[in-house]
Amino acid sequence: MRKLLVGLTVVLVLVLAADRIGAYAAGTVIGGKLRSSAGLQRVPSVHITGFPFLSQAIDGRYDRIDVEADGIDRGGGRISKATTSLYGVQVPLSAALRQSVTSVPVERLSARAVVAFVDLASRGGDRSLTIAPAGDRLRVTGRITVLGKTLSAATTSTVRLTGRTLIITGKTVSVEGQQISGAIGDAIAGALDLRVPIGRLPYDLSLTGVHVEPSGVVVTAASGPTVLATR
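All values derive from a computational prediction rather than experimental measurement. The numbers attached to residues start from 1 for each chain and follow its sequence in the written order. Selection of residues for local features in this predicted model requires a pLDDT of at least 70, selection of side-chain atom pairs for listing and counting requires 80 or more, and totals for whole chains, interfaces and linings are taken over all residues. Where side-chain values are given, they derive from all heavy atoms of the structure, hydrogens and water being excluded.

**Q** For this particular structure, what's the right way to read the overall build of the protein?
**A** We count a stretch as a helix when DSSP gives it H or I for four or more residues in a row; a strand needs E for two or more, and each element gets its number in order from the N terminus. Along its length, the protein carries five helices and 13 strands. A total of 231 residues make up the protein; the buried ones form 43% of that total. Sequence separation of at least 24 residues holds for 54% of the intrachain contacts in the protein that already meet a minimum separation of 6. Split by element, the accessible area of the protein, about 12,400 Å² in all, is 57% carbon and sulfur. We call a residue buried when its accessible area falls under 20% of the maximum for its residue type, exposed when it is over 50%, and partly exposed in between, using a 1.4 Å probe and counting protein chains only. By definition in these notes, contact holds between two residues if any of their heavy atoms fall within 4.5 Å. Accessibility throughout is a Shrake-Rupley quantity obtained with a 1.4 Å probe, and a residue counts as covered only by protein chains that appear here.

Quick look at the structure:
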């Protein structure tokens, strides 16, 4: 009985190992295809969720595949990290084995893209901006010129999404540590406002929202049924 249990345990371990190795190998292949379809500079990290992997591979349909890419620059603000979840991914096993996958139908996608504070600040030109989180808002600090004198100013700013552009707008302002209000305060706050375009995201995702996290400004996106063409 003991030998039988040991034997069953060994078989189970081998099956689990084969399943995970298969998932890793498939993820590597899919990562290469997704890199070409999205025009990424590097192969993204791919994680195939769900267990067992082998049954999904045989069916040719994966419940969910998570794709993570770093350092994306698509003609707008640089995205330090983008994580995309693809649901209902269809890759026939026969095509995968022949490495002849030319398109990948996907039922839906969701994504989150992080724009680091330092990358936002770099869009400030000669204002020497620094940007940090302030709850659900941003604290923007920079240099302004008033009556020929260069001063340090700081705003507590909101961030919103208009079309494909992040709009950062100062709501309260202080100059050299002193709170400024009224028309003068509004004018100074406006000097530290920012408009940061978000370039086209991979996989034709549409922007859906924006919020502030400790790691940066997070833009969310989604897409319905689509077909990812590979080159």
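**Q** Where do I start with the nonpolar core in this structure?
**A** Soluble globular proteins tend to bury their nonpolar side chains together. With 48 residues, the main nonpolar core has V89, L120, I131, L138, L166 and L201 as its most contacted residues. In terms of residue count, the dominant contributor to this core is strand β4 (residues 103-115) (six residues). Setting aside its immediate chain neighbours within four residues, V89 contacts G60, R61, Y62, I65, V104, P105 and V106. Among buried residues, the Ala, Val, Leu, Ile, Met, Phe, Trp, Tyr and Cys ones that are joined through side-chain atoms within 4.5 Å form a nonpolar core.

**Q** Would you mind showing me how to read the environment of G177 here?
**A** If you trace the backbone, G177 turns up in the loop between β8 (165-175) and β9 (178-180). Placed 24 residues apart in sequence, G177 and A153 show a C-alpha to C-alpha distance of 7.7 Å.

**Q** Is there a simple way to think about the side chain of T165 in this case?
**A** Here T165 is to be found in strand β8. On the accessibility criterion, T165 (16% relative accessible area) is buried. Look past the residues within four positions of T165 in its chain and what remains in contact with it is R160, R195, V196, P197 and I198.

**Q** Hey, could you run me through the packing of aromatic side chains in this one?
**A** Two measures describe an aromatic ring pair: the distance that separates the ring centres and the angle between the ring planes. When the centres of two rings from Phe, Tyr and Trp lie within 6.5 Å, Trp using its six-membered ring, the rings pair. Their planes under 30 degrees apart give stacked, over 60 give edge-to-face, and anything left gives tilted. Taken as a whole and assessed by the stated rule, the structure comprises zero aromatic pairs. To sit over a ring, a charge needs its Lys NZ or Arg CZ within 6 Å of the ring centre and within 35 degrees of the ring normal. The ring of Y87 has R108 lying over it, and the distance from NZ or CZ to the ring centre is 3.9 Å.

**Q** Which parts of the structure should I look at to understand the side chain of S223?
**A** Summarising the element assignment, S223 is placed in strand β12 (residues 216-223). Residues in contact with S223, not counting those within four places in the same chain, are R108, L109, D204 and L205.

**Q** I tried to follow the pattern of salt bridges on my own but got confused; where do I start?
**A** Where charged atoms from two side chains of opposite charge approach closely, those side chains can pair. Salt bridge, as applied in this entry: a Lys or Arg side-chain nitrogen positioned within 4 Å of an Asp or Glu carboxyl oxygen. By the definition in use, this model includes four salt bridges. In this structure, D119 engages R78 in a salt bridge whose closest nitrogen and oxygen atoms are separated by 3.3 Å. Remark: R78 occurs in the loop between β2 (61-72) and β3 (79-90) and D119 occurs in helix α4 (residues 117-121); sequence separation between them is 41 residues. Measuring nitrogen to oxygen at the nearest pair gives 3.0 Å for the salt bridge that ties E213 to R112. Of this pair, E213 sits in strand β11 (residues 206-213) while R112 is found in strand β4, placing the two residues 101 residues apart along the sequence. Since its relative accessible area comes to 22%, E213 is described here as partly exposed.

**Q** Can you help me understand the confidence of the model for the protein in this one?
**A** Per residue, pLDDT measures the predictor's confidence, with a range of 0 to 100. Per-residue confidence for the protein gives a mean pLDDT of 75; residues scoring 70 or more make up 71%. Contacts from residues 1-22, a stretch scored under 50 in pLDDT, to residues over four places away or in other chains number 10 contacts.

**Q** It is not clear to me how the environment of V175 should be interpreted in this structure. Could you clarify?
**A** Within the element layout of this structure, V175 appears in strand β8. According to the relative accessible area criterion, V175 is buried, its value standing at 12%. In this structure the C-alpha to C-alpha distance between V175 and A189, which are 14 residues apart in sequence, comes to 9.8 Å. Beyond its immediate stretch of four places on either side in the chain, V175 contacts I144, L151, S152, A153, I180 and I188.

**Q** Sorry, what's going on with the pairing of β2 here?
**A** When a strand is regular, its side chains alternate between the sheet's two faces. Strands are treated as partners if at least two bridges between them are detected by DSSP. In this structure, strand β1 (residues 45-48) lies alongside β2, joined through four bridges in antiparallel fashion. Across the sheet, the residue bridging to S45 is E68, located in β2.

**Q** It is not clear to me how the environment of V67 should be interpreted in this structure. Could you clarify?
**A** Among the structural elements, V67 can be located in strand β2. Residues V67 and I48, 19 residues apart in the sequence, show an inter-C-alpha distance of 8.8 Å.

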